[in-house]
Amino acid sequence: MTPDVFRQTEIAVIWDFDKTLIPGYMQEPLFRHYNVDARTFWSEVKALPDYLRRHGAELVSEDSIYLNHILTYVRTGRFPGLNNALLRELGKELRFYPGLPQFFAAVKNRISNNSVFQRHDIRIEHYIVSTGLRQMILGTAIAPYVDGVWGCEFVEHLPEPGFLTNGREIPADQPHVIRDIAYVLDNTTKTRAIFEINKGVNKFPEIDVNSNIPRDDRRIPFQNMVYIADGPSDVPVFSLVNQNGGRTFAVYESGSVQGFAQAVELQRQGRVHAFGEANYEPGTLTYMWIMHAVEDIAGNIVKKREEALQTKLGRPPRHLGD
């Protein structure tokens, strides 16, 4: 499929994960499973950049260094036997904010049950773009409602040098334990995922994210996007979506004075269009704002398509004097 056949009738609702869909951080079940103190782990992660610089590393990726520390815990026996299957299983323990995951289905139904939108084949696609662990997200109760997940991935099996020529496969009895990092997403490279959604790379792998595709030919235009997240770390994506005509919304945990102040500041700086509590139950501000946003985008799609149709068809012939 080539980009020029995209109908651009999809609306992407794109979600951060930690503190946006769940309270706190997704790694909590991992720490509970191994009886590891979360505060100690995160304190070590926070201190790692300075430690590594003192020992010769000039550049350190602070957003993703926690992945390396997880691997260190595996190697030193603090996380024995940790693999992708266990991460996915631990994801089942995560509990979501009120209204989830039902809200994901409700958003899709709001559009699919509208006869005008249905006539134009307008559809909602939910995506999660997180600096957290993809396998844990895929194990959660929300995964069946999602059309795609971007997150960090670990690899369990590493082939030896020369594996392409010697034909030597990884031994079948080799333990399934995470050994290295396969994919990293940090607060800045989350924007790459947004471009992949924009261009349709996630649906059509033959399209490269760096391909020069005219904006009018991309699968999901930025103006058909809504991005929901919780904090300053999401500013790169907020900025990208805002600057290109999309909608942005910040959430904060109910009763959190600090979270509320953070959301206020994001709006004051023009980073987000609006904000509300991380409560997705019917009748809440957050529920209504997101519903209104997708309906407004859908209405704009209908208007654009009908105007284009009229332009192509032209006005019908009329009698002189009419």
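See the structure above.
To start, this report covers the structure provided alongside it. The shown structure was predicted, so the numbers you read here are calculated from the model rather than taken from an experiment. Sequence order as written defines residue numbering, which begins from 1 separately in each chain. Thresholds applied to this predicted model are a pLDDT of at least 70 for local features of residues and 80 or more for the giving and counting of side-chain atom pairs; totals over whole chains, interfaces and linings are not thresholded and use all residues. The basis for every side-chain value is the complete set of heavy atoms in the structure, and neither hydrogens nor water enter the calculation.

1. Observations concerning helix H2 (residues 38–54)
Two residues of an α-helix separated by three or four positions point the same way, owing to the 3.6 residues in each turn. To keep it simple, the criterion reads: Runs of H or I in DSSP of at least four residues are treated as helices and runs of E of at least two as strands, each being numbered from the N terminus. The span you would expect from a helix comes to 1.5 Å times its residue count less one. Throughout, the bend at a residue refers to the angle made by two axes, fitted to the seven residues ending there and to the seven starting there. Buried means the residue's accessible area, taken with a 1.4 Å probe over protein chains only, is under 20% of the maximum for its type, while exposed means over 50%, and partly exposed covers the values in between. Residues count as neighbours in contact if any of their non-hydrogen atoms are within 4.5 Å of one another.
Along its 17 residues, H2 runs 25 Å from first to last C-alpha, staying within 8% of the 24 Å computed at 1.5 Å per residue. The largest bend along H2 measures about 40° and falls at Leu 48, with the proline Pro 49 one to four residues further on. Among all positions of H2, only Ala 38, Phe 41, Val 45, Leu 48 and Pro 49 are buried. Packing partners of the buried residues in H2 comprise helix H1 (28–33) and helix H3 (65–75). Immediately downstream of H2, the backbone of Gly 56 shows phi near 110°, a positive value.

2. Re helix H4 (residues 84–91)
Threshold: Note that the arc is defined by the directions from the helix axis to the C-beta atoms. Counting of polar contacts relies on pairs of N or O atoms within 3.5 Å, with two restrictions inside protein: one atom must be capable of donating a hydrogen and the other of accepting it, and residues adjacent in sequence are counted only when both atoms are side-chain atoms.
For H4, the complete set of buried residues consists of Asn 84, Leu 86, Leu 87, Leu 90 and Gly 91. Looking straight down H4, one finds its buried side chains confined to an arc of 160°; they lie on one side. Summarising the contacts, the buried residues of H4 are in contact with H1, strand S2 (123–133), helix H7 (134–138) and strand S3 (148–155). Where H4 begins, the capping side chain belongs to Asn 83, and its oxygen is found 3.2 Å from the backbone nitrogen of Ala 85.

3. Considerations on the nonpolar core
Note the cut-off: Buried residues of nine kinds, namely Ala, Val, Leu, Ile, Met, Phe, Trp, Tyr and Cys, make up a nonpolar core once their side-chain atoms join them within 4.5 Å.
Counting residues in each nonpolar core, the largest one holds 91 residues, and the members touching the most others are Trp 15, Ile 70, Phe 79, Leu 82 and Tyr 280. It is helix H12 (residues 285–313) that provides the largest number of residues to this core, a total of 9 residues. If we ignore the near neighbours within four places in the chain, the residues touching Tyr 280 are Trp 15, Thr 20, Tyr 97, Pro 98, Gly 99, Leu 100, Phe 103, Ile 228, Val 251, Thr 286, Tyr 287 and Ile 290. Grouped together as the second largest cluster of nonpolar side chains are 6 residues, Phe 6, Val 201, Ile 207 and Ile 213 included.

4. Considering the sheet that holds strand S1 (residues 10–15)
To keep it simple, the criterion reads: If DSSP finds at least two bridges between two strands, the strands pair. In this description, a line fitted to the C-alpha atoms serves as the axis of each element, helices being fitted only across the stretch in contact, and the angle between N-to-C directions of two axes falls anywhere from 0 to 180 degrees.
Strand order in this open sheet of 7 strands is S4-S3-S2-S1-S5-S6-S7, and the pairing throughout is mixed. With one partner strand each, in any of the chains shown, strand S4 (180–183) and strand S7 (274–277) form the two edges of the open sheet. For this sheet the average axis-to-axis angle between neighbouring strands, irrespective of direction, equals 25°. Pairing of S1 with strand S5 (residues 225–229) involves 4 bridges; the strand directions are parallel. From the neighbouring strand, Val 13 faces S5, where its bridge partner is Val 226.

5. Considerations on the environment of Asp 180
Locating Asp 180 in the fold gives a position in strand S4. Exposure remark for Asp 180: the relative accessible area of 34% places this residue in the partly exposed category. Those residues in contact with Asp 180 that lie beyond four places of it in its chain are Leu 71, Phe 154, Val 155 and Leu 158.

6. A short note on the pairing of S7
A regular strand carries its side chains on alternate faces of the sheet. For clarity, the cut-off: Seen with its strands pointing away from the viewer, a crossover is right-handed when the path leading from the first strand over the helix to the second is clockwise.
Bridging between strand S6 (residues 247–252) and S7 involves 4 bridges; their strand directions are parallel. Along S7, the bridge assignment pairs Ala 250 with Phe 275. Considered for its hand, the β-α-β crossover made up of S6, helix H11 (residues 257–268) and S7 is right-handed.

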